[in-house]
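# Structure at a glance
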Amino acid sequence: MINNASNSKGKRETISSELPWVEKYRPLYLKDVIGNEGVVKGLKRCAAEGFSHHILLAGPPGVGKTTSIYCLAREILGEDLIKQAVLELNASDDRGIDIVRNSVKTFAKTKVNLPPGKKKIVILDEADSMTQSAQQALRRIMEIYSETTRFALACNTSEKIIEPIQSRCLIMRFGRLQEKDILKRLMEICQIESVNYNPEGLEAIIFTADGDMRQAINNLQSTYSGFEYVNAENVYKVCDQPHPGSIREIILNCSNFKVDDAMSGLSDLWKKGYSAIDIVTTFFRVIRINDEISENIRMDFIKEIGCTHMKILNGVSTFLQLSGLVARLCMIAEDNN
(Lines give C-alpha, C1' and ligand atoms only; values in the text may rest on other atoms or scores of the structure.)
Protein backbone atom coordinates (compact mmCIF):
# COMPACT_ATOMS: atom_id res chain seq x y z
CA MET A 1 0.00 0.00 0.00
CA ILE A 2 2.86 2.42 0.76
CA ASN A 3 5.51 3.95 -1.44
CA ASN A 4 9.27 3.41 -1.40
CA ALA A 5 11.28 5.57 0.99
CA SER A 6 13.28 7.16 -1.81
CA ASN A 7 10.19 8.36 -3.69
CA SER A 8 9.49 12.10 -3.58
CA LYS A 9 12.12 12.68 -0.91
CA GLY A 10 12.19 16.40 -1.55
CA LYS A 11 8.46 16.69 -1.09
CA ARG A 12 8.56 14.64 2.09
CA GLU A 13 11.01 17.06 3.68
CA THR A 14 8.64 19.98 3.22
CA ILE A 15 5.75 18.22 4.94
CA SER A 16 5.13 19.14 8.55
CA SER A 17 6.42 16.67 11.09
CA GLU A 18 3.01 16.87 12.74
CA LEU A 19 1.34 15.19 9.77
CA PRO A 20 0.20 11.63 10.55
CA TRP A 21 2.61 9.11 9.09
CA VAL A 22 -0.19 7.31 7.30
CA GLU A 23 -0.72 10.49 5.24
CA LYS A 24 2.94 11.49 5.08
CA TYR A 25 3.92 8.19 3.47
CA ARG A 26 0.85 7.66 1.31
CA PRO A 27 1.72 6.49 -2.23
CA LEU A 28 1.50 8.99 -5.06
CA TYR A 29 1.69 6.62 -8.03
CA LEU A 30 0.67 3.05 -8.74
CA LYS A 31 4.28 1.89 -8.94
CA ASP A 32 4.61 2.80 -5.26
CA VAL A 33 1.69 0.66 -4.08
CA ILE A 34 2.70 -2.39 -2.03
CA GLY A 35 0.80 -5.68 -2.07
CA ASN A 36 -2.06 -7.02 -4.22
CA GLU A 37 0.22 -7.12 -7.24
CA GLY A 38 -2.42 -8.59 -9.54
CA VAL A 39 -4.92 -5.82 -8.84
CA VAL A 40 -2.28 -3.10 -9.14
CA LYS A 41 -1.22 -4.56 -12.48
CA GLY A 42 -4.82 -4.32 -13.65
CA LEU A 43 -5.02 -0.69 -12.53
CA LYS A 44 -1.83 0.12 -14.42
CA ARG A 45 -3.38 -1.37 -17.53
CA CYS A 46 -6.50 0.71 -16.86
CA ALA A 47 -4.32 3.84 -16.64
CA ALA A 48 -2.58 2.98 -19.91
CA GLU A 49 -5.97 2.63 -21.61
CA GLY A 50 -7.14 6.01 -20.28
CA PHE A 51 -9.64 4.73 -17.68
CA SER A 52 -11.93 3.07 -20.21
CA HIS A 53 -14.20 1.43 -17.57
CA HIS A 54 -15.92 2.37 -14.37
CA ILE A 55 -14.19 0.43 -11.57
CA LEU A 56 -15.28 -1.06 -8.26
CA LEU A 57 -12.57 -1.91 -5.73
CA ALA A 58 -13.61 -4.24 -2.90
CA GLY A 59 -11.66 -5.49 0.08
CA PRO A 60 -10.96 -5.08 3.80
CA PRO A 61 -9.96 -1.71 5.32
CA GLY A 62 -6.43 -0.40 5.09
CA VAL A 63 -5.21 -2.38 2.07
CA GLY A 64 -4.95 0.53 -0.38
CA LYS A 65 -8.28 0.76 -2.23
CA THR A 66 -8.85 4.51 -2.02
CA THR A 67 -5.13 5.26 -2.29
CA SER A 68 -4.92 3.19 -5.48
CA ILE A 69 -7.81 5.15 -6.99
CA TYR A 70 -6.05 8.45 -6.25
CA CYS A 71 -2.84 7.08 -7.75
CA LEU A 72 -4.78 6.06 -10.85
CA ALA A 73 -6.40 9.49 -11.14
CA ARG A 74 -3.03 11.24 -10.71
CA GLU A 75 -1.40 9.14 -13.43
CA ILE A 76 -4.24 9.75 -15.88
CA LEU A 77 -4.92 13.45 -15.26
CA GLY A 78 -1.65 14.71 -13.80
CA GLU A 79 -1.15 16.90 -10.73
CA ASP A 80 -2.50 20.06 -12.39
CA LEU A 81 -5.88 18.69 -13.46
CA ILE A 82 -6.65 16.44 -10.52
CA LYS A 83 -8.16 19.25 -8.39
CA GLN A 84 -10.66 20.41 -10.97
CA ALA A 85 -11.45 17.11 -12.69
CA VAL A 86 -11.86 14.81 -9.67
CA LEU A 87 -14.77 14.73 -7.21
CA GLU A 88 -14.26 12.72 -4.01
CA LEU A 89 -17.10 11.82 -1.66
CA ASN A 90 -17.13 9.56 1.37
CA ALA A 91 -20.38 7.70 0.97
CA SER A 92 -20.50 6.76 4.66
CA ASP A 93 -21.07 10.44 5.48
CA ASP A 94 -22.88 11.58 2.33
CA ARG A 95 -24.89 8.52 1.39
CA GLY A 96 -28.37 9.88 0.65
CA ILE A 97 -30.06 10.32 -2.68
CA ASP A 98 -29.81 14.14 -2.43
CA ILE A 99 -26.01 14.01 -2.51
CA VAL A 100 -26.09 11.88 -5.65
CA ARG A 101 -28.67 14.07 -7.37
CA ASN A 102 -26.96 17.32 -6.43
CA SER A 103 -23.20 16.96 -5.96
CA VAL A 104 -22.51 14.00 -8.26
CA LYS A 105 -24.91 14.98 -11.03
CA THR A 106 -23.80 18.63 -10.96
CA PHE A 107 -20.16 17.60 -11.26
CA ALA A 108 -20.94 15.15 -14.06
CA LYS A 109 -22.74 17.93 -15.99
CA THR A 110 -19.97 20.50 -15.44
CA LYS A 111 -17.71 21.12 -18.43
CA VAL A 112 -13.99 20.90 -17.74
CA ASN A 113 -11.30 21.59 -20.33
CA LEU A 114 -9.41 18.31 -20.54
CA PRO A 115 -6.95 16.94 -23.11
CA PRO A 116 -8.44 14.61 -25.74
CA GLY A 117 -9.26 11.19 -24.33
CA LYS A 118 -9.27 12.36 -20.69
CA LYS A 119 -12.40 12.14 -18.56
CA LYS A 120 -13.56 13.51 -15.24
CA ILE A 121 -13.40 11.09 -12.32
CA VAL A 122 -15.86 10.63 -9.45
CA ILE A 123 -14.44 8.77 -6.44
CA LEU A 124 -16.98 7.28 -4.03
CA ASP A 125 -15.33 5.88 -0.92
CA GLU A 126 -17.22 3.35 1.24
CA ALA A 127 -19.84 3.05 -1.47
CA ASP A 128 -21.44 0.05 0.26
CA SER A 129 -22.83 2.51 2.85
CA MET A 130 -25.02 4.21 0.24
CA THR A 131 -28.77 3.72 0.47
CA GLN A 132 -30.56 1.68 -2.17
CA SER A 133 -32.29 4.77 -3.58
CA ALA A 134 -28.97 6.61 -3.83
CA GLN A 135 -27.42 3.66 -5.67
CA GLN A 136 -30.33 3.59 -8.11
CA ALA A 137 -29.86 7.30 -8.80
CA LEU A 138 -26.13 6.76 -9.23
CA ARG A 139 -26.74 3.96 -11.71
CA ARG A 140 -28.73 6.34 -13.91
CA ILE A 141 -26.05 9.05 -13.73
CA MET A 142 -23.33 6.55 -14.64
CA GLU A 143 -25.37 5.58 -17.69
CA ILE A 144 -26.12 9.13 -18.88
CA TYR A 145 -22.69 10.69 -18.40
CA SER A 146 -20.46 7.74 -19.29
CA GLU A 147 -18.93 9.63 -22.24
CA THR A 148 -17.47 12.39 -20.07
CA THR A 149 -17.17 10.91 -16.57
CA ARG A 150 -15.72 7.76 -15.04
CA PHE A 151 -16.75 6.45 -11.64
CA ALA A 152 -14.42 4.72 -9.19
CA LEU A 153 -16.09 3.08 -6.19
CA ALA A 154 -14.36 1.63 -3.13
CA CYS A 155 -16.16 -0.63 -0.66
CA ASN A 156 -15.54 -3.32 1.91
CA THR A 157 -18.34 -5.61 0.73
CA SER A 158 -19.25 -5.62 -2.95
CA GLU A 159 -22.41 -7.65 -2.26
CA LYS A 160 -24.00 -4.49 -0.83
CA ILE A 161 -23.66 -2.75 -4.19
CA ILE A 162 -26.71 -3.25 -6.40
CA GLU A 163 -26.33 -5.49 -9.44
CA PRO A 164 -26.91 -2.75 -12.07
CA ILE A 165 -23.87 -0.84 -10.74
CA GLN A 166 -21.74 -3.97 -10.44
CA SER A 167 -22.50 -4.89 -14.05
CA ARG A 168 -21.30 -1.45 -15.20
CA CYS A 169 -17.99 -1.69 -13.35
CA LEU A 170 -14.75 -3.59 -13.66
CA ILE A 171 -14.61 -5.28 -10.24
CA MET A 172 -11.21 -5.72 -8.57
CA ARG A 173 -10.80 -7.40 -5.21
CA PHE A 174 -8.09 -6.52 -2.71
CA GLY A 175 -6.87 -8.96 -0.08
CA ARG A 176 -5.19 -8.36 3.25
CA LEU A 177 -1.55 -7.44 2.98
CA GLN A 178 1.10 -10.04 3.72
CA GLU A 179 3.24 -9.71 6.83
CA LYS A 180 6.46 -9.32 4.82
CA ASP A 181 5.01 -6.34 2.94
CA ILE A 182 3.94 -4.60 6.14
CA LEU A 183 7.26 -5.36 7.83
CA LYS A 184 9.22 -3.93 4.91
CA ARG A 185 7.30 -0.68 5.04
CA LEU A 186 7.48 -0.36 8.82
CA MET A 187 11.27 -0.76 8.73
CA GLU A 188 11.55 1.90 6.03
CA ILE A 189 9.52 4.35 8.10
CA CYS A 190 11.54 3.52 11.22
CA GLN A 191 14.71 4.34 9.33
CA ILE A 192 13.40 7.63 7.96
CA GLU A 193 11.89 8.77 11.28
CA SER A 194 14.79 7.41 13.41
CA VAL A 195 12.45 5.19 15.42
CA ASN A 196 14.03 3.04 18.13
CA TYR A 197 12.57 -0.47 17.99
CA ASN A 198 13.26 -4.15 18.45
CA PRO A 199 12.08 -6.98 16.18
CA GLU A 200 9.48 -8.15 18.73
CA GLY A 201 7.90 -4.70 18.66
CA LEU A 202 7.42 -4.77 14.89
CA GLU A 203 6.05 -8.32 15.12
CA ALA A 204 3.52 -7.09 17.68
CA ILE A 205 2.46 -4.24 15.38
CA ILE A 206 1.99 -6.66 12.49
CA PHE A 207 -0.04 -8.98 14.72
CA THR A 208 -2.36 -6.20 15.91
CA ALA A 209 -2.78 -4.80 12.39
CA ASP A 210 -3.94 -8.13 10.90
CA GLY A 211 -3.12 -7.20 7.30
CA ASP A 212 -4.17 -3.54 7.62
CA MET A 213 -1.30 -1.24 6.58
CA ARG A 214 -3.04 1.89 7.83
CA GLN A 215 -3.54 0.35 11.26
CA ALA A 216 0.07 -0.82 11.35
CA ILE A 217 1.49 2.64 10.59
CA ASN A 218 -0.87 4.31 13.07
CA ASN A 219 0.13 1.83 15.77
CA LEU A 220 3.81 2.43 15.02
CA GLN A 221 3.45 6.21 15.31
CA SER A 222 1.29 5.99 18.45
CA THR A 223 3.72 3.65 20.20
CA TYR A 224 6.75 5.75 19.33
CA SER A 225 5.01 9.00 20.29
CA GLY A 226 3.94 7.60 23.64
CA PHE A 227 7.02 5.60 24.70
CA GLU A 228 9.82 6.61 22.29
CA TYR A 229 10.65 2.92 21.96
CA VAL A 230 8.75 0.27 20.03
CA ASN A 231 8.71 -3.11 21.75
CA ALA A 232 5.96 -5.70 22.20
CA GLU A 233 4.97 -4.52 25.69
CA ASN A 234 4.54 -0.90 24.60
CA VAL A 235 2.65 -1.87 21.46
CA TYR A 236 0.05 -3.88 23.37
CA LYS A 237 -0.33 -1.05 25.89
CA VAL A 238 -1.06 1.43 23.12
CA CYS A 239 -3.34 -0.89 21.17
CA ASP A 240 -5.04 -2.04 24.37
CA GLN A 241 -5.30 -5.63 23.17
CA PRO A 242 -4.76 -8.84 25.17
CA HIS A 243 -1.21 -10.09 24.92
CA PRO A 244 -1.12 -13.03 22.46
CA GLY A 245 1.22 -14.86 24.86
CA SER A 246 -1.56 -14.95 27.48
CA ILE A 247 -4.09 -16.19 24.92
CA ARG A 248 -1.63 -18.79 23.66
CA GLU A 249 -1.23 -20.09 27.21
CA ILE A 250 -4.99 -20.42 27.60
CA ILE A 251 -5.29 -22.30 24.30
CA LEU A 252 -2.47 -24.69 25.22
CA ASN A 253 -4.11 -25.37 28.59
CA CYS A 254 -7.37 -26.13 26.78
CA SER A 255 -5.60 -28.53 24.41
CA ASN A 256 -4.15 -30.34 27.47
CA PHE A 257 -7.54 -30.49 29.28
CA LYS A 258 -6.34 -28.12 32.04
CA VAL A 259 -9.66 -26.42 32.61
CA ASP A 260 -8.74 -24.71 35.88
CA ASP A 261 -5.54 -23.22 34.48
CA ALA A 262 -7.30 -22.04 31.34
CA MET A 263 -10.11 -20.44 33.37
CA SER A 264 -7.56 -18.75 35.62
CA GLY A 265 -5.84 -17.18 32.62
CA LEU A 266 -9.16 -16.04 31.16
CA SER A 267 -10.19 -14.55 34.50
CA ASP A 268 -6.95 -12.57 34.68
CA LEU A 269 -7.59 -11.05 31.25
CA TRP A 270 -11.17 -10.18 32.16
CA LYS A 271 -10.07 -8.47 35.38
CA LYS A 272 -7.66 -6.31 33.40
CA GLY A 273 -10.67 -4.81 31.64
CA TYR A 274 -10.40 -6.30 28.17
CA SER A 275 -13.69 -6.58 26.34
CA ALA A 276 -15.13 -9.89 25.21
CA ILE A 277 -14.76 -8.97 21.54
CA ASP A 278 -11.05 -8.12 21.99
CA ILE A 279 -10.41 -11.41 23.77
CA VAL A 280 -12.23 -13.62 21.29
CA THR A 281 -10.66 -11.77 18.32
CA THR A 282 -7.20 -12.38 19.75
CA PHE A 283 -8.17 -16.03 20.33
CA PHE A 284 -8.86 -16.34 16.61
CA ARG A 285 -5.64 -14.62 15.52
CA VAL A 286 -3.49 -16.73 17.84
CA ILE A 287 -5.05 -20.11 17.00
CA ARG A 288 -4.76 -19.32 13.30
CA ILE A 289 -0.95 -19.17 13.49
CA ASN A 290 -0.43 -21.70 16.29
CA ASP A 291 1.46 -24.80 15.15
CA GLU A 292 1.74 -26.45 18.57
CA ILE A 293 -1.69 -28.09 18.26
CA SER A 294 -2.65 -30.81 15.79
CA GLU A 295 -4.44 -29.72 12.64
CA ASN A 296 -7.72 -31.50 13.48
CA ILE A 297 -8.00 -29.92 16.92
CA ARG A 298 -7.01 -26.53 15.56
CA MET A 299 -9.76 -26.60 12.93
CA ASP A 300 -12.35 -27.56 15.56
CA PHE A 301 -11.05 -24.78 17.83
CA ILE A 302 -11.41 -22.23 15.02
CA LYS A 303 -14.98 -23.34 14.36
CA GLU A 304 -15.91 -23.01 18.03
CA ILE A 305 -14.19 -19.63 18.39
CA GLY A 306 -16.05 -18.42 15.29
CA CYS A 307 -19.42 -19.46 16.77
CA THR A 308 -18.62 -17.62 20.00
CA HIS A 309 -17.50 -14.58 18.01
CA MET A 310 -20.91 -14.48 16.32
CA LYS A 311 -22.72 -14.67 19.66
CA ILE A 312 -20.63 -11.81 21.08
CA LEU A 313 -21.28 -9.68 18.00
CA ASN A 314 -24.99 -10.26 18.57
CA GLY A 315 -24.70 -8.73 22.03
CA VAL A 316 -23.94 -11.67 24.34
CA SER A 317 -20.58 -10.27 25.49
CA THR A 318 -20.34 -11.67 29.01
CA PHE A 319 -17.66 -13.50 30.96
CA LEU A 320 -20.00 -16.49 31.06
CA GLN A 321 -19.89 -16.68 27.25
CA LEU A 322 -16.08 -16.73 27.27
CA SER A 323 -16.05 -19.30 30.06
CA GLY A 324 -18.31 -21.50 27.97
CA LEU A 325 -15.88 -21.15 25.07
CA VAL A 326 -12.96 -22.32 27.21
CA ALA A 327 -14.99 -25.27 28.51
CA ARG A 328 -16.00 -26.31 24.99
CA LEU A 329 -12.41 -26.06 23.75
CA CYS A 330 -11.32 -28.40 26.55
CA MET A 331 -14.09 -30.84 25.61
CA ILE A 332 -13.06 -30.74 21.94
CA ALA A 333 -9.43 -31.49 22.81
CA GLU A 334 -10.46 -34.35 25.12
CA ASP A 335 -12.78 -35.88 22.50
CA ASN A 336 -10.06 -35.74 19.83
CA ASN A 337 -7.61 -37.52 22.09
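Conventions adopted
Residues numbered from 1 in each chain as written. Predicted model: local features only at pLDDT ≥ 70, side-chain atom pairs only at ≥ 80, totals over all residues. Heavy atoms only, no water. Helix = DSSP H or I, 4+ residues; strand = E, 2+ residues; numbered from the N terminus. Buried < 20%, exposed > 50% of the residue type's maximum accessible area, 1.4 Å probe, protein only. Contact = heavy atoms within 4.5 Å. Areas by Shrake-Rupley, 256 points an atom, 1.4 Å probe, with all protein chains shown as cover. Domains from an automatic or database assignment. Buried area = accessible area lost by both parts, 1.4 Å probe. Expected span 1.5 Å × (residues − 1). Arc of directions from axis to C-beta. Polar contact = N/O pair within 3.5 Å; in protein donor to acceptor, adjacent residues only side chain to side chain. Salt bridge = Lys/Arg side-chain N within 4 Å of Asp/Glu carboxyl O. Core = buried A, V, L, I, M, F, W, Y, C linked by side-chain atoms within 4.5 Å. Lys, Arg positive; Asp, Glu negative; His and termini not counted.

The subject of this paragraph is the overall build of the protein chain. Across its full length, the protein chain holds 17 helices and five strands. With respect to the three principal axes, the spread of C-alpha positions in the protein chain is 75 × 45 × 30 Å. In the protein chain, buried positions account for 50% of the 337 residues. Long-range contacts, defined here as pairs at least 24 residues apart, represent 75% of the contacts in the protein chain between residues at least 6 apart. Carbon and sulfur atoms make up 48% of the accessible area of the protein chain, which amounts to about 16,600 Å² in all.

Here the focus is the domain arrangement of the protein chain. In terms of domain boundaries, the protein chain breaks down into domain 1 (21–173), domain 2 (179–239) and domain 3 (244–336). Taken together, the four residues of domain 2 in the interface contact six residues of domain 3. With both sides pooled, the region where domain 2 packs onto domain 3 buries about 480 Å², and carbon together with sulfur makes up 59% of that total. Area buried by domain 2 at its contact with domain 3 is led by Phe207, Asp210 and Tyr236, which between them contribute 88% of it.

The terminal C-alpha atoms of helix α3 (residues 37–48), which comprises 12 residues, lie 16 Å apart, in line with the 16 Å expected from a rise of 1.5 Å per residue. Among all positions of α3, only Val39, Val40, Gly42, Leu43, Cys46 and Ala47 are buried. Axial view of α3: buried residues confined to an arc of 155 degrees, hence all on one face. Exposed side of α3, more than 90 degrees from the buried face: Glu37, Gly38, Lys41 and Ala48 are the residues found there. Close packing links the buried residues of α3 with β1 (54–58), α4 (65–77) and β5 (169–173). Of the residues trailing α3, Gly50 is marked for its positive phi of about 80 degrees.

In this section: the side chain of His54. For His54, the location among the structural elements is in strand β1. For His54, a relative accessible area of 7% corresponds to the buried category. A polar atom in the side chain of His54 sits 3.0 Å from the backbone nitrogen of Phe151. When residues no more than four places from it in sequence are discounted, the contact partners of His54 are Met142, Ser146, Thr149, Arg150, Phe151, Arg168, Cys169 and Leu170.

This part covers the pattern of salt bridges. For side chains bearing opposite charge, pairing can occur when the charged atoms are close. Per the stated rule, a full pass over the model turns up 14 salt bridges. For Glu143, the salt bridge identified is with Arg140, shortest N-O distance 3.3 Å. Here Arg140 and Glu143 lie together in helix α7 (residues 132–144), a separation of three residues that amounts to about one turn. Residue Arg140 is classed as partly exposed on the basis of its relative accessible area, which comes to 42%. Residues participating in the shared-partner salt-bridge network are Arg139, Arg140, Glu143 and Arg168.

Right, let's talk about the nonpolar core for a bit. The biggest cluster of nonpolar side chains holds 80 residues, and the ones touching the most others in it are Leu43, Leu72, Leu186, Leu220 and Phe301. Looking at this core, the element that brings in the most residues is helix α17 (residues 319–336), giving seven residues. Residue contacts for Phe301: discarding those within four places in its chain leaves Ile251, Cys254, Ser255, Ile287, Ile293, Leu329, Ile332 and Ala333. In this structure, Met142, Tyr145, Leu153 and Ile162 belong to the second largest nonpolar core, which totals 25 residues.

As a further point, take the side chain of Lys120. Locating Lys120 in the fold gives a position in strand β3 (residues 120–125). Although buried, Lys120 forms no salt bridge, and the nearest oppositely charged side chain, Glu147, lies 11 Å from it. For Lys120, the side chain forms a polar contact with the main-chain oxygen of Phe107, separated by 2.9 Å. Once you skip the residues sitting within four places of it in the chain, Lys120 turns out to touch Ala85, Phe107, Ala108, Lys109, Thr110, Val112, Leu114, Thr148, Thr149 and Arg150.

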